[in-house]
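Results of the structural survey
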Amino acid sequence: MTIKVLICDDSSFARKQLERALPEELKAKLFFASDGHEGISLIKEHNIDVVFLDLTMPNLDGYGVLELLKKDNIQPTIIITSADIQPGAHDRVNKLGVAGFIKKPFDDDSVKTMLLEIGILKGG
Amino acid sequence: MATQNISLSLEQRDCYQEIANVAMGQAADRLARLLDAYILLPVPKVSLMEFSDLHMAIADCLSDENIFTVCQGFAGSGISGEVLLFFNDVSFDELANLLGYQHNEDEAVKHELVLDAASVLTGSCLQGFGDQLAIRFIQSPPIIITNDNQNDTVIKKNSTLWKKTLTIAFNYSLEQLSIDCDVLLIFSESSVAQLHKKIDYLLD
């Protein structure tokens, strides 16, 4: 089954890095957004299944996206990809209901491991 | 030394910004654990800065008695530069508390506090930046800049040679504590080509 995956990050370099880190087995249609507002409209318009969400972005940041999604009761699987790796950042997003947290820069396997962990990718 | 023509493509700027972002995140994480506080992380700004603008910014800060300006040189793998830190409205009580000093009104102790904080900030952000580009930076000791010694800074020494260079601006602000510091990473003009090469390799 093909799933719809959104990569929401203000950096094109980071978006490219993440795209490269996605495992081959993942059959996904990819969408890209460069800030929170763009991300929200893509999520609504295309019924996105999985969102890789950066926290530090201009205009509307990752926290803002999480809050708006919660308010509108839209619940895609959210994986935070962030350079903000402070314990406080984890606590904050966990309260806002995310499936996982991947720290930047991405290790070779961190994306695949996370997708397996939360059941987006089936092991075998 | 001839002035080089320094350029910065959109792609390069984006890549520098992302690397700076990650470096700052790592730095903030170390600080947050050290100080048991949450540090706000705005997006770092990467730009080619004219030296005249740089001088003006420094002069502005030196004329404001509420700002402590600290500078610290760094070098590694043929890349060198200077970090300028502008501490805005420092609360010495808070800083002393955080760094585990006895509270003291003594001017020398205040300077020591600012220099300690500067070293931690510079060290942690340079390390994160260097790690991603496989550069090991060595730092010189930080000094507080005043109107009397500002000619010692690399920027001043090279003010007739350099026209513009690559800078990355960060802001560290500690939530719930009155600590706010602007950090400016300035690469020497002659380092930019080498640095660009490393960035282009990542973009490839």
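Everything here concerns the structure above.
Residues numbered from 1 in each chain as written. Chains lettered and ligands numbered in written order. Predicted model: local features only at pLDDT ≥ 70, side-chain atom pairs only at ≥ 80, totals over all residues.

Quick word on the overall build of chain A
Of regular secondary structure, chain A possesses 5 helices and 5 strands. What you see for chain A is a C-alpha radius of gyration of 13 Å, in line with the 14 Å of a compact globule of 124 residues. Summarising its shape, the C-alpha atoms of chain A cover approximately 35 × 30 × 25 Å along the three principal directions. Each of the 124 residues in chain A was classed as buried or not, and the buried ones make up 35%. (Helix = DSSP H or I, 4+ residues; strand = E, 2+ residues; numbered from the N terminus. Rg over C-alpha atoms; globule rule 2.2 N^0.38 Å. Buried ≥ 20, exposed ≤ 12 C-beta atoms within 10 Å, placed from the backbone.)

Considering the nonpolar core
By size, the foremost hydrophobic cluster in this structure holds 76 residues, and its most contacted members are L6 and V51 of chain A together with M24, L85, L121, C125 and V183 of chain B. Top contributing element to this core by residue count: helix α1 (residues 10–35) of chain B, with 11 residues. Ignoring sequence-local partners within four residues, the contact set of V183 of chain B consists of V83, L85, L121, C125, F170 and Y172 of chain B. (Core = buried A, V, L, I, M, F, W, Y, C linked by C-beta atoms within 7 Å. Contact = placed C-beta atoms within 7 Å.)

Things to note about the interface of chain A and chain B
Each partner contributes to the interface: chain A provides 15 residues, whereas chain B provides 18 residues. Breaking the side of chain A that touches chain B down by element, the ones donating at least two residues are α1 (12–21) and α4 (87–95) of chain A. Here the side of chain A that touches chain B takes 3 residues from α1 of chain A, the largest share from any one element. Considering only residue class, the side of chain A that touches chain B consists of 7 nonpolar, 6 polar and 2 charged. (Nonpolar A, V, L, I, M, F, W, Y, C, P; charged D, E, K, R; others polar.)

So, the pairing of strand β3 (residues 50–53) of chain A
Residues and elements named next belong to chain A. Burial of the side chains of β3 extends over both faces: V50 and F52 are buried on one face and V51 and L53 on the other. As paired strands, strand β1 (residues 3–8) and β3 are joined by 4 bridges and run parallel to one another. Among the inter-strand pairings, L6 is bridged to a residue of β3, identified as V51. Following the chain from β3 across helix α3 (residues 62–71) to the adjacent parallel strand β4 (residues 77–82), one finds a crossover that is right-handed. (Pairing = 2+ DSSP bridges. Right-handed = clockwise from strand over helix to strand, strands pointing away.)

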